[in-house]
Amino acid sequence: MNNILEVKELKKIFTMKNGRKIEAVKNINFNVRRGEVFGFLGPNGAGKSTTISMLTTQKPATAGEILLDGESLIKNPANARRKIGVVAQHNNLDRGLTARENLIYHAKYFGMETNMANKKADEYLEKFGLADRQHDYVKSYSGGMAQRVKIARAMIHTPDILYLDEPTTGLDPSYRSILWEQMIELNKAGTTIFLTTHYMEEPEQLCDRIAIINNGELIALGTSSELKNMIPSNNIVSMKLSVLNDSHVESAKELPGVEKATIQSGLLQLYMKDAQPDFNRLVSWVKGLDTTLQNISLSTSTLDDVFIHLTGKGIMSNEIK
Ligand SMILES: Nc1ncnc2c1ncn2[C@@H]1O[C@H](COP(=O)(O)OP(=O)(O)O)[C@@H](O)[C@H]1O
Ligand SMILES: [Mg+2]
């Protein structure tokens, strides 16, 4: 079977104490192929964690079906759980246990023998920089350390499918790269990866395919290049000008090869038809204006540009800065 996971018309409605209903996940449909790294990208509040909690049996679905390995996870959650590893967004470690105990108990719960559990625990504690503090209760750990224990615990039993819900939150850059290395190693050995994130670069670099979710709806799914092909132009010239206003944007729209012009983060952005735009022409255009050019660069579009194209705003735009 090609798909390890099939999600059909999956829905989650939360009913608040005052009777208000929140439709966090609205009848979404998608499949995850066996062995792929699947990205689930969307802003805060999009419904990523709610979806993961249904896919990992932690929360019941309001409606819909989830097939894991062709078998209904909703009808048979115990079977499904044996195949799943999950790094939840919240801290769900056993705070009254040490890091080592958290790993060993988890490995044994998944049927690992004591010797193997100890060996694997040594390996992961070392990799994630936890060896020194392995005998301390996790309740004394910083957020970043606890996150590393959660990641090690989810990986230790080599699950068939590993769910990572915003796993880099609170991680130092050095541990981020260790996380990605470990994730890729597991993936090469056969584990399917399901990664949620609201950071744009992560899925772009790591994922075979990416689903974009917004307001509980799945609004796009494809490889990063397929998604980028949804927007009118892939090539963006960014110009830093000493003075920048709407009259410059209007003038830029008249330039040959410019499909769209906007101001973003204080830069004039020109969406160009050609991969190699005529920079000389752009520079002489600025010379004829009441402003000077401070910087000019060419970039290809990002997944955030795709998100803006689909929803009208950036993925981080509701972030508290
Ligand atoms: N336990 C809950 N009770 C009520 N509403 C919830 C609960 N969990 C999540 N929500 C709401 O569901 C929506 C999706 O949340 P969530 O799945 O956490 O999004 P994401 O993980 O993409 O940031 C949000 O509006 C959130 O407030
Ligand atoms: Mg979340």
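Residues numbered from 1 in each chain as written. Chains lettered and ligands numbered in written order. Predicted model: local features only at pLDDT ≥ 70, side-chain atom pairs only at ≥ 80, totals over all residues. Heavy atoms only, no water.

- Looking at an unreviewed UniProt entry, one finds the protein chain named ATP-binding cassette domain-containing protein and attributed to Dehalobacterium formicoaceticum.

### Details of the coordination of the magnesium ion (ligand 2)
Six octahedral donors around a metal ideally subtend angles of 90 or 180 degrees, whereas four tetrahedral donors ideally subtend 109.5 degrees.
Here's step 1: Within the protein, S49 (OG) and Q89 (OE1) serve as the donor atoms for the magnesium ion (ligand 2), at 2.1 Å. With S49 in helix α1 (residues 48-55) and Q89 in the loop between β6 (84-87) and α3 (99-109), the pair connects residues that are 40 residues apart, well separated along the chain.
Here's step 2: Judged by relative accessible area, S49 falls into the partly exposed class, the value being 27%. (Donors = N, O, S within 2.8 Å, 3.2 Å for Na, K, Ca; no water. Helix = DSSP H or I, 4+ residues; strand = E, 2+ residues; numbered from the N terminus. Buried < 20%, exposed > 50% of the residue type's maximum accessible area, 1.4 Å probe, protein only.)

### Some details on the site of ligand 1
Here's step 1: The full set of residues close to ligand 1 is F14, M16, I22, A24, P43, N44, G45, A46, G47, K48, S49 and T50.
Here's step 2: G45 is positioned such that a nitrogen or oxygen atom in its backbone is 2.7 Å from an oxygen atom of ligand 1.
Here's step 3: One nitrogen or oxygen atom from the side chain of T50 is found 2.5 Å from an oxygen atom belonging to ligand 1.
Here's step 4: When the free accessible area of ligand 1 is taken as 560 Å², the share hidden by the protein chains comes to 66%.
Here's step 5: When contributions to the shell around ligand 1 are tallied by element, the ones reaching two or more residues are β2 (21-33) and α1. (Near = heavy atom within 4 Å. Polar contact = N/O pair within 3.5 Å; in protein donor to acceptor, adjacent residues only side chain to side chain. Areas by Shrake-Rupley, 256 points an atom, 1.4 Å probe, with all protein chains shown as cover.)

### Remarks on the UniProt feature "domain: ABC transporter" (unreviewed entry) in the protein chain
Here's step 1: Under the UniProt annotation, "domain: ABC transporter" (unreviewed entry) lies at residues 5-240.
Here's step 2: Between the end C-alpha atoms of residues 5-240 there is a gap of 46 Å, over a span that is 33% helix and 30% strand. (UniProt positions renumbered as here; feature names shortened; annotations may be inferred.)

### Description of the sheet that holds strand β14 (residues 293-300)
Strand pairing in a sheet is mediated by backbone hydrogen bonds. Such pairs are either parallel or antiparallel.
Here's step 1: Ordered by their spatial adjacency, four strands build an open sheet running β12-β13-β11-β14, and the pairing between neighbours is antiparallel. The open sheet terminates on both sides in strands that have one partner only, identified here as β12 (258-264) and β14. Strand-to-strand twist of the sheet, defined as the mean angle between neighbouring strand axes without regard to direction, takes the value 20 degrees.
Here's step 2: In terms of strand pairing, strand β11 (residues 235-241) meets strand β13 (residues 267-272) through five bridges, oriented antiparallel. (Pairing = 2+ DSSP bridges. Axes fitted to C-alpha atoms, helices over the stretch in contact; angles between N-to-C directions.)

### A short note on the packing of aromatic side chains
Here's step 1: Counting across every chain of the model gives eight aromatic pairs.
Here's step 2: Measuring from centroid to centroid gives 6.4 Å for Y124 and F128, while their planes differ by 5 degrees, and the two rings are stacked. Like F128, Y124 is buried.
Here's step 3: Clustering of aromatic rings is evident, with ring pairs tying together F30, F38, F40, Y163 and F194. (Phe/Tyr/Trp six-rings, centres within 6.5 Å; stacked < 30°, edge-to-face > 60°.)

### Overview of the pattern of salt bridges
Here's step 1: Scanning the model with the defined rule gives 13 salt bridges in all.
Here's step 2: Across the salt bridge formed by K11 and E23, the nearest N and O atoms sit 3.6 Å from each other. Of this pair, K11 sits in strand β1 (residues 3-15) while E23 sits in strand β2; the two residues are twelve residues apart in sequence, bridging distant segments of the chain.
Here's step 3: Owing to a relative accessible area of 35%, E23 belongs among the partly exposed residues under this scheme.
Here's step 4: Look at the salt bridges and you will find they share partners, linking R34, D69 and K83 into a network. (Salt bridge = Lys/Arg side-chain N within 4 Å of Asp/Glu carboxyl O.)

### Considerations on unusual backbone geometry
Here's step 1: Even without being glycine, N27 reaches a positive phi, approximately 50 degrees.
Here's step 2: Counting through the fold element by element, N27 comes out in strand β2.
Here's step 3: Taking relative accessible area as the criterion, N27 reaches 32% and is therefore assigned partly exposed.
Here's step 4: Residues other than glycine seldom take positive phi values, yet D69 does so here, at roughly 55 degrees.
Here's step 5: Along the chain, the position of D69 falls in the loop between β4 (63-68) and β5 (71-72).
Here's step 6: Taking the relative accessible area as the measure of exposure, D69 reaches 22% and is therefore partly exposed.

### Structural notes on the environment of A131
Here's step 1: Structurally, the position occupied by A131 is in the loop between α4 (114-127) and α5 (143-155).
Here's step 2: Residues A131 and L41, 90 residues apart in the sequence, show an inter-C-alpha distance of 33 Å.

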